[in-house]
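Each chain is listed here by its residues.
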Amino acid sequence: MGDRRPDIASLAAGLAIGLVGILVLLDDSGALDLSFAVFAPVACAATGAILVAAGLSRRE
Amino acid sequence: MTSLASGARPRLRRDRAGGWIAGVCSGLARRLGADPALVRLAFVVATAAGGLGVALYALAWLVVPAGDAPAGERRRPSSARASVQVAVGSGLLLLSALLTFRALGLWFSDAIVWPLVLIAAGGVLIWRQSLGQPDAPEAPTRPRPVPTAPEQAAPATRDPAEAARTAAVAVSRTGVGVALVIAAGFAFLQGTGALSAAKDVLLAVFAAVVVLGVIFAPWIVRLVRSLAAERSERIRSQERAEVAAHLHDSVLQTLAMVQRRADEPREVAALARRQERELRAWLAGRPAPGQAASLGAALEAAAAEVEGRHGVPVETVAVGDAPLDPATEAVVAAAREAMTNAAKFGGGSTVDVFAEVSPERLNVFVRDRGPGFDPTQVPPDRRGVRESIVGRMRRHGGRATITSAPGSGTEVELLLERSGRDGS
């Protein structure tokens, strides 16, 4: 009990998806213009961060 | 109090046995304790609502590890999968940075940057594949194990399905790399407006390749088959030589000892038992009983064995050490044969063995102060020096040098380059 380590890949995935959700919310509220030119690098960065975190955590 | 163990749900794993595509929905259903059909329906609805379902499925396919593989299928090593994830993730991060620079106006030209990115990605794939599977020399090892009765029903260590999967991965990786590089070329030509002009040239080149291919195909096929046959024959020849060298060093020498000690039945029986154990282990592909784990220990054991068999002192000095692998085992076997020769023909003088191991090379010297001999006068039917020492070292990528002259003793130098051999 209490010795469970956080799953880094899940943590990174949660943070990335949360960030994307915040951006979509800002776009929906009109505070941000979420065009494709903005969303594409964000989506790539989020997916890339999740994959790198998953790969690195699996290597350990 | 609720027991965590009794209420624990299975970890999230892709269920490839029960899945339709990659087992994402089935695995998620097992994790949630829900009907897989409901999860699949949720993904279909999410896909219809803007394609989110496809993206989530693809992401889960990459991130969620696979569960138990279906029968007969071996799971991919997790380290290889992790490497792929890190590589793809790094590529996406780089792509994100490039898109960001482009959006900010810090950009050179679409016609230059994207073809360069494609060429880099394709080049990495092709180079990684070509460097990851070097065309190593066919270093002979011991023969394939002879299966015993219980082993005959067991699957082979490297089954055809595994080999086919490895080949498919290599072909697909190279194919994707080549496609990326070709796409980069097309993108560059398209971006610079030279594609239409290049079409005529490409068409002419394509026509020439087809014509030449039809003309020369029979010769090319024959050449490829000839090379393959020659390679197979070379491998067979090396294996035959290796088996002959091993039999010479073990069985033939034991038989010679048996003849010399024919009046000592207990000694002869012990020799026969030891030889039988060693030969059985060799045929089964197992380490010989009592086999050392490192070069230094193996040389010490070989020296002790030669000393015990021939009653000649063998002094061993080793500087550095290395783990045993097929190449270093060959060095030990060649050194053992050189010690045996020194003990048999060295006139009873002490045999000195000096081994030096560095990250770059491995040197073993075997010296005696006996009457010496002329190496060029060794009869062709004597395999000890020719096959067990010189040939064995050559087959494993090393070299043996014998320095001797009548009346001046003998020195055998065994050299094995280690750089790039074991990745150390």
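For the structure, check the block above.
Calculation rules
- Residues numbered from 1 in each chain as written.
- Chains lettered and ligands numbered in written order.
- Predicted model: local features only at pLDDT ≥ 70, side-chain atom pairs only at ≥ 80, totals over all residues.
- Heavy atoms only, no water.
- Helix = DSSP H or I, 4+ residues; strand = E, 2+ residues; numbered from the N terminus.
- Buried < 20%, exposed > 50% of the residue type's maximum accessible area, 1.4 Å probe, protein only.
- Areas by Shrake-Rupley, 256 points an atom, 1.4 Å probe, with all protein chains shown as cover.
- Contact = heavy atoms within 4.5 Å.
- Buried area = accessible area lost by both parts, 1.4 Å probe.
- Salt bridge = Lys/Arg side-chain N within 4 Å of Asp/Glu carboxyl O.
- Nonpolar A, V, L, I, M, F, W, Y, C, P; charged D, E, K, R; others polar.
- Core = buried A, V, L, I, M, F, W, Y, C linked by side-chain atoms within 4.5 Å.
- Phe/Tyr/Trp six-rings, centres within 6.5 Å; stacked < 30°, edge-to-face > 60°.

Comments concerning the overall build of chain A
Here comes step 1: Of the regular secondary structure elements, chain A holds two helices and zero strands.
Here comes step 2: Here chain A holds 60 residues, and the buried ones make up 30% of them.
Here comes step 3: By element, 66% of the accessible surface of chain A is carried by carbon and sulfur atoms, the whole surface being about 4,000 Å².

Quick word on the interface of chain A and chain B
Bring the parts together and some accessible area is lost; that lost area is often taken as the interface size.
Here comes step 1: At the interface, 16 residues of chain A touch 21 residues of chain B.
Here comes step 2: Of the roughly 1,600 Å² buried between chain A and chain B, counting both surfaces, carbon and sulfur atoms make up 77%.
Here comes step 3: For the pair chain A and chain B, the number of links is zero salt bridges.
Here comes step 4: Here the residues of the side of chain A that touches chain B are counted per class, giving 11 nonpolar, three polar and two charged.

A closer look at the nonpolar core
Here comes step 1: Core analysis: the largest hydrophobic core is formed by 33 residues, its most contacted members being L299(B), M339(B), V364(B), V366(B) and L414(B).
Here comes step 2: Those elements that place two or more of their residues in this core are α11 (295-310), α12 (326-345), β2 (351-357), β3 (361-368), α13 (383-395) and β5 (410-417) of chain B.
Here comes step 3: Element by element, the count of residues in this core is highest for α12(B), at nine residues.
Here comes step 4: In terms of nonpolar packing, the next biggest core, distinct from the first, is built from 14 residues, A9(A), A40(A), I50(A) and L92(B) among them.

Side note on the packing of aromatic side chains
Residues and elements named next belong to chain B.
Here comes step 1: Summed over the entire model, instances satisfying the criterion amount to five aromatic pairs over all chains.
Here comes step 2: With 6.3 Å between their ring centres and 85 degrees between their planes, Y57 and W61 make a pair best called edge-to-face. With Y57 and W61 both in helix α4 (residues 52-63) and four residues apart, the pair spans about one turn of that helix.
Here comes step 3: Taking the centre distance of 6.4 Å and the plane angle of 25 degrees together, the rings of F354 and F365 count as stacked. With F354 in strand β2 and F365 in strand β3, this residue pair connects regions lying 11 residues apart in the sequence.
Here comes step 4: On the accessibility criterion, F365 (16% relative accessible area) is buried.
Here comes step 5: Here the aromatic cluster, defined as three or more aromatic residues joined through ring pairs, consists of F43, Y57 and W61.

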